[in-house]
Amino acid sequence: MSERTPISTRRGLLGAALGATGAGLAGCDRLATSPAVNERLSAAEGLTFHVQRLLLGRQALAREYPASAISPDFRANGTVNPDNEDYQRHVTTGFKDWRLEIGGLVERPLLLSLDDLRQAPARTQITRHDCVEGWSCIGKWRGARLGPLLDRAGVKPQARYVAFFCADTLELTLDGTGDYYETIDLADAHHPQTLLAYEMNDAPLPVAHGAPVRLRLERQLGYKMAKYVMRIELIDSFANFGRGKGGYWEDRGYQWYAGI
Ligand SMILES: Nc1nc2c(c(=O)[nH]1)N[C@H]1C(S)=C(S)[C@@H](COP(=O)(O)O)O[C@H]1N2
Ligand SMILES: [Mo]
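Residues numbered from 1 in each chain as written. Chains lettered and ligands numbered in written order. Predicted model: local features only at pLDDT ≥ 70, side-chain atom pairs only at ≥ 80, totals over all residues. Heavy atoms only, no water.

## Details of the overall build of the protein chain
What counts is decided by this rule: A run of DSSP states H or I qualifies as a helix once it reaches four residues; a run of E qualifies as a strand once it reaches two. Both are numbered from the N-terminal end. Using a 1.4 Å probe, the Shrake-Rupley method yields the accessible areas, and only the shown protein chains count as cover for residues.
When you go through the protein chain residue by residue, the secondary structure sums to 7 helices and 11 strands. Accessible area for the protein chain stands at about 11,800 Å²; split by element, carbon and sulfur atoms hold 52% of it.

## Details of the side chain of T177
Applied cut-off: Here a polar contact is recorded for every N or O atom pair within 3.5 Å, except that within protein the pair must consist of a potential hydrogen donor and a potential acceptor, and residues adjacent in sequence are included only if both atoms are side-chain atoms.
Take T177: it is sitting in the loop between β6 (161–169) and β7 (179–185). A distance of 3.2 Å separates the side chain of T177 from the side chain of R243, its partner in a polar contact.

## What about the site of ligand 1?
What counts, and what does not: Proximity is defined per residue: any heavy atom of the residue falling within 4 Å of a molecule or strand makes that residue near it. In the scheme used here, Gly and all other residues not listed as nonpolar or charged are polar, with Ala, Val, Leu, Ile, Met, Phe, Trp, Tyr, Cys and Pro taken as nonpolar and Asp, Glu, Lys and Arg as charged.
Around ligand 1 sit 22 residues in total, of which R75, N77, D168, H209 and K227 are the nearest. In this structure, N77 approaches ligand 1 through a main-chain N or O atom, which is 2.8 Å from an oxygen atom. Compared with its free state, where it exposes 530 Å², ligand 1 has 99% of that area covered by protein. Classifying every residue of the shell around ligand 1 by side-chain character gives 12 nonpolar, 6 polar and 4 charged.

## Notes on the sheet that holds β7
This is how it is decided: Any two strands between which DSSP finds at least two bridges are classified as paired. Comment: axis = line fitted to C-alpha atoms, over the contacting stretch for helices; angle = value between 0 and 180 degrees taken between N-to-C directions.
With mixed pairing, the 5 strands of this open sheet are ordered in space as β3-β2-β11-β6-β7. The open sheet terminates on both sides in strands that have one partner only, identified here as β3 (110–112) and β7. Taking each pair of neighbouring strands and ignoring which way they run, the sheet shows an average axis angle of 20°. Pairing geometry for β6 and β7, over 6 bridges, is antiparallel. Its bridge partner lying in β7, T169 is registered against D179.

## What to know about the pattern of salt bridges
Opposite charge on two side chains allows them to pair when their charged atoms are near. Defined as follows: Only one rule defines a salt bridge in this text: a Lys or Arg side-chain nitrogen within 4 Å of an Asp or Glu carboxyl oxygen.
The final tally for this structure, using the stated rule, is 13 salt bridges. Between D202 and K140 there is a salt bridge; the shortest N-O distance is 3.1 Å. In this pair, D202 is assigned in the loop between β8 (195–200) and β9 (203–204) and K140 in strand β5 (residues 135–145), connecting sequence segments 62 residues apart. Its salt-bridge partner being E250, residue K224 comes within 2.9 Å of it at the nearest N-O pair.

## A short note on the pairing of β5
This is how it is decided: Buried, partly exposed and exposed residues are distinguished by accessible area as a fraction of the type maximum, computed with a 1.4 Å probe on protein chains only: under 20%, between the cut-offs, and over 50%, respectively.
For β5, the buried fraction is high: 8 of the 11 residues fall into the buried class. Note that strand β4 (residues 122–130) and β5 share 9 bridges and pair antiparallel. Bridge pairing in β5 places T127 opposite G139.

## Considering unusual backbone geometry
Backbone torsion omega between A211 and P212 reads 5°, so that peptide bond is classified as cis. Examined against the element boundaries, P212 turns out to sit in the loop between β9 and β10 (214–216). With a phi close to 60°, F95 is a non-glycine residue in the positive phi region. Tracing the sequence through the fold places F95 in the loop between α4 (85–92) and β2 (100–104).

## Remarks on the packing of aromatic side chains
Rules: In summary, the pairing rule links any two rings of Phe, Tyr or Trp, Trp by its six-membered ring, whose centres are within 6.5 Å, and it sorts them by plane angle into stacked for under 30 degrees, edge-to-face for over 60 and tilted for everything else.
Applying the stated criterion across every chain yields a total of 12 aromatic pairs. Here F165 and Y181 contribute two aromatic rings whose centre-to-centre distance is 6.5 Å and whose plane-to-plane angle is 15°, an arrangement assigned as stacked. Placement of F165 in strand β6 and of Y181 in strand β7 is noted, with a sequence separation of 16 residues between them. For F165, a relative accessible area of 13% corresponds to the buried category. Taking relative accessible area as the criterion, Y181 reaches 5% and is therefore assigned buried. A ring pair is formed by Y180 and Y248, whose centres lie 5.3 Å apart and whose planes are at 15°; its orientation type is stacked. Remark: Y248 occurs in the segment after β11 (229–235) and Y180 occurs in strand β7; sequence separation between them is 68 residues. Exposure remark for Y180: the relative accessible area of 10% places this residue in the buried category. Taken together, the ring pairs connect Y180, Y223, Y248, W249 and Y254 into an aromatic cluster.

Here is the structure:
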């Protein structure tokens, strides 16, 4: 558990900038905000990004909570059961043949089973998930820390981002995009709370929440936290994926850096 004073400093500062939108949430709450808030959030994105770096640095921890704060009913959002034959086959076999590839700009591509991930350096954390739509839930996550896995693979110097490719197509459009994917930078990838989570609330990660593994990236909004991760690639640019903005929702107008 770690709670650090700079969080409240940041909340205060951003609260002043945003009109106090995010503070004081407990459980799965809906933010009571005016429609103007999203616009102001968007305008303040650059501010969020710079304030986080200036006040907290990249490696400061997101707030963690006691077990008593865990939401009894953590909401599931977006895809809740990928409509994909391969994925459904993995569900029926308990993901025993599923392998996670970590490839792209690495010295030693990895092919990891769920057991391999369970044996990797792990972390458990109780954190609050904030969706851009305006609700929050608190959950307990356990997973393999992404940083050590990337070290094992040996990230090449040209690599700048980590891309996560998911099992689900959220919306199939004529331009051929619509598969869920996300990208984060290497600083966020090495953050101690950045996990490939395989457990939620002390049980195997349920399908609705991204089985067999989903990204936890606690300093950013929910849409960055790719569920149903099937493949990870180290890349130097995200210009050639989807519509080139670095993620499914980013391609549809959301900010690439969704700091909270
Ligand atoms: N693959 C995939 N990942 C996803 C989504 C999705 O639809 N597909 N939705 C995102 C959004 S907007 C949120 S808020 C969270 C929801 O996670 P949850 O279902 O565990 O609440 O997952 C994110 N990751
Ligand atoms: Mo979300």
